[in-house]
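Chain by chain, the residues run as shown.
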Amino acid sequence: MLQRVYVIIFLIPLIFFIRGNDNIKAQNNDVNNQLYDSLIFLSDNSDSDSIKVRSLIYLASFSHKESSSKTSLNRLSLLNRAFDISNDRGLLKWAAILADNIGVERRNEGLYSISLSLHEFALEIGYQLNDKKISSKFCNNIGVVYRRIDEYYKALEFHIKALQFAEEEGERKSQAVAINSIGNIQMMLGNLDDALIYFKKSLLIEEELGNLLGTAINLNNLGNVYFSKDDYTKALQHYRESLDLNKKIKSGRGEAICYTDIGRVYQKMGQNDKAL
């Protein structure tokens, strides 16, 4: 009886986790230390293979103060265990998608090394399953991480792979993401004419798909290219079109970006009263 009570108390921090909450922060704190211990317990003792795998992948996504080499080895060991269970139980694709999703969360927290490990784990499964559709998505996410850490040519390599897979599978959304990402890299490298070509290609696909957010992003990116080329009239035109779409989809973040960019244009045009 006491053992049963102990187990129930021990699992209290896992309520949201078992319900599929994929937004657990990775940094050390009291709650997550307790959760970490609970995940270890679940990974060893759960009767559910999916919970074991989920536990192992989350354990691999936590950030620790130990040496980077020790942490990396531990992360690899956890992911290998998750792979073995998933492989035995037919859960590989599910495990890959889960790891990729958590990788995006860690990327947004600035934990790029952890994010890369999770995306690479997912991509290895994608390759093993010969699933080019999910592999395209995973390659794009790896490319984004490399872009965030300023490794542009490495990022370009993965976005090109993503584009190839997407084209083979007819995955228009993944194509649009890859092309847009290549455009961003070309812009960062100072290749403005190439960036313009890629953003226009991505814009056409997003419009074809009816994706207003993707369309707004590409319009804003085109505005950035024209701004860098000192073509302020075209920059303003694209920023305004992007702003209209962001208002339509109620994207506060998108609106804020557009207003800032429009203000920059007016400043360059010497119309400071409109920039405010």
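Counting restarts for each chain, with residues numbered from 1 along the sequence as it is written. Note on the predicted model: pLDDT of at least 70 is required for a residue's local features to be given, and 80 or more for side-chain atom pairs to be given and counted; whole-chain, interface and lining totals, by contrast, use all residues. Excluded from the side-chain calculations are hydrogens and water; all other atoms, namely the structure's heavy atoms, are used.

Observations regarding the overall build of the chain
In terms of regular secondary structure, the chain is built from 15 helices and zero strands. Burial status follows relative accessibility: with a 1.4 Å probe on protein chains alone, a residue under 20% of its type maximum counts as buried, one over 50% as exposed, and anything between as partly exposed. Counting over 276 residues, the chain shows a buried share of 46%. Contacts were defined at the residue level, with two residues in contact if any of their heavy atoms lie within 4.5 Å. Across the chain, the fraction of contacts at a sequence separation of at least 24, relative to all contacts at a separation of at least 6, is 58%. When the accessible surface of the chain is totalled, it reaches about 14300 Å², and 51% of it is carbon and sulfur. Runs of H or I in DSSP of at least four residues are treated as helices and runs of E of at least two as strands, each being numbered from the N terminus. Per-residue accessibility takes into account occlusion by the displayed protein chains alone, with areas from the Shrake-Rupley method and a 1.4 Å probe.

A closer look at a nonpolar patch on the surface
Without a salt bridge and with relative accessible area above 30%, a residue can belong to a patch; like charges are then joined within 9 Å and nonpolar side chains (Val, Leu, Ile, Met, Phe, Trp, Tyr) within 5 Å. Only one rule defines a salt bridge in this text: a Lys or Arg side-chain nitrogen within 4 Å of an Asp or Glu carboxyl oxygen. Together, Leu213, Ile217 and Ile249 line one region of the surface with nonpolar side chains, adding up to about 220 Å² of accessible area. Its location among the elements puts Leu213 in helix H12 (residues 212-228). Here Leu213 falls in the partly exposed class, since its relative accessible area comes to 43%.

Section: the nonpolar core
Residue types Ala, Val, Leu, Ile, Met, Phe, Trp, Tyr and Cys, when buried and joined through side-chain atoms within 4.5 Å, form a set referred to as a nonpolar core. In terms of nonpolar packing, the biggest core is built from 48 residues, with Val53, Ile57, Leu118 and Phe121 touching the most fellow members. For this core, the elements supplying multiple residues, two or more each, are helix H3 (30-45), helix H4 (49-60), helix H5 (68-89), helix H6 (92-108), helix H7 (112-128), helix H8 (132-148), helix H9 (152-169) and helix H10 (172-188). If one sorts the elements of this core by residue count, H7 sits on top with seven residues. Within the second largest apolar cluster, 20 residues are counted, among which are Leu203, Leu222, Phe227 and Val265.

A closer look at the environment of Lys173
Relative to the assigned elements, Lys173 resides in helix H10. Along the primary structure Lys173 and Glu208 are separated by 35 residues, whereas in three dimensions their C-alpha atoms are 10.0 Å apart. Ignoring any residue separated from it by four or fewer positions in sequence, one finds Lys173 in contact with Glu206, Leu209 and Asn211.

Details of the side chain of Ser136
Considering the arrangement of structural elements, one finds Ser136 in helix H8. Overall, the relative accessible area of 0% leaves Ser136 in the buried class. Once residues lying within four places of it in the same chain are set aside, the contact partners of Ser136 are Ala162, Phe165, Ala166 and Ser174.

Some words on the pattern of salt bridges
Per the counting criterion, the structure on display carries 13 salt bridges. Here Lys161 and Glu157 are joined by a salt bridge, their closest N and O atoms 3.9 Å apart. With a gap of four residues between them, Lys161 and Glu157 both fall in helix H9, about one helical turn apart. Each member of the salt-bridge network shares a partner with another, and the members are Lys154, Glu157 and Lys161.

Re the confidence of the model for the chain
Per residue, pLDDT measures the predictor's confidence, with a range of 0 to 100. Averaged over every residue, the pLDDT of the chain is 87; the share at 70 or more is 83%. No element of the chain has a lower mean pLDDT than helix H1 (residues 2-10), at 42, and none a higher one than helix H11 (residues 192-209), at 98. Note on residues 15-21: pLDDT is under 50 here. Beyond four places in sequence and across chains, it has 10 contacts.

What about unusual backbone geometry?
Glycine aside, residues mostly have negative phi, and peptide bonds are mostly found in the trans state. Not every positive phi belongs to a glycine, and Asp230 is a case in point at roughly 65°. Position of Asp230 relative to the elements: it lies in the loop between H12 and helix H13 (232-248). The residue Lys250 is not glycine, and still its phi comes out positive at about 60°. Following the sequence through the fold, Lys250 ends up in the loop between H13 and helix H14 (252-268).

What to know about the packing of H6 against H7
Helix axes are fitted to C-alpha atoms over the stretch in contact, other axes to C-alpha atoms as well, and angles between N-to-C directions run from 0 to 180 degrees. Where H6 contacts H7, the two axes come as close as 8 Å, and the packing angle between them is 155°. Regarding the angle of H6 to H7, the classification is roughly antiparallel. Considering the relative orientation of H6 and H7, their crossing is left-handed. When H6 is examined against H7, the residues Leu92, Lys93, Ala95, Ala96, Ala99, Asp100, Ile102, Gly103, Val104, Arg106 and Arg107 are found in contact with a partner set consisting of Tyr112, Ile114, Ser115, Leu118, His119, Phe121, Ala122, Ile125 and Gln128. Angles are sorted into four bins: roughly parallel if under 35 degrees, roughly antiparallel if over 145, roughly perpendicular if 65 to 115, and oblique for all others. By the definition used in this description, the sense in which the near helix is turned from the far one sets the handedness, with an anticlockwise turn below a right angle giving left-handed and a clockwise turn giving right-handed.

Focus: the environment of Ile57
Tracing the backbone shows Ile57 in helix H4. Judged by relative accessible area, Ile57 falls into the buried class, the value being 0%. In this structure, the C-alpha to C-alpha distance between Ile57 and Arg81, residues 24 residues apart in sequence, is 9.1 Å. Dropping the residues within four chain positions of it, Ile57 is found in contact with Leu79, Ala82, Ala95, Leu98, Ala99, Ile102, Leu118 and Phe121.

Remarks on the packing of aromatic side chains
For Phe, Tyr and Trp, where Trp contributes only its six-membered ring, two rings pair if their centres lie within 6.5 Å, and the inter-plane angle classes them as stacked under 30 degrees, edge-to-face over 60, or tilted in between. With the rule as written, the count across this model stands at three aromatic pairs. Measuring from centroid to centroid gives 5.9 Å for Tyr146 and Phe158, while their planes differ by 20°, and the two rings are stacked. Of this pair, Tyr146 sits in helix H8 while Phe158 is found in helix H9, placing the two residues 12 residues apart along the sequence. The same class applies to Tyr146 and to Phe158, which are both buried. Across from the ring centre of Phe158, 4.9 Å away, lies the NZ or CZ of Lys161, which sits over that ring. Over the ring of Phe227 we find Arg264; its NZ or CZ atom is 4.1 Å from the centre of that ring. The criterion is that NZ of a Lys, or CZ of an Arg, lies within 6 Å of the ring centre and within 35 degrees of the ring normal, and then a charge sits over that ring.

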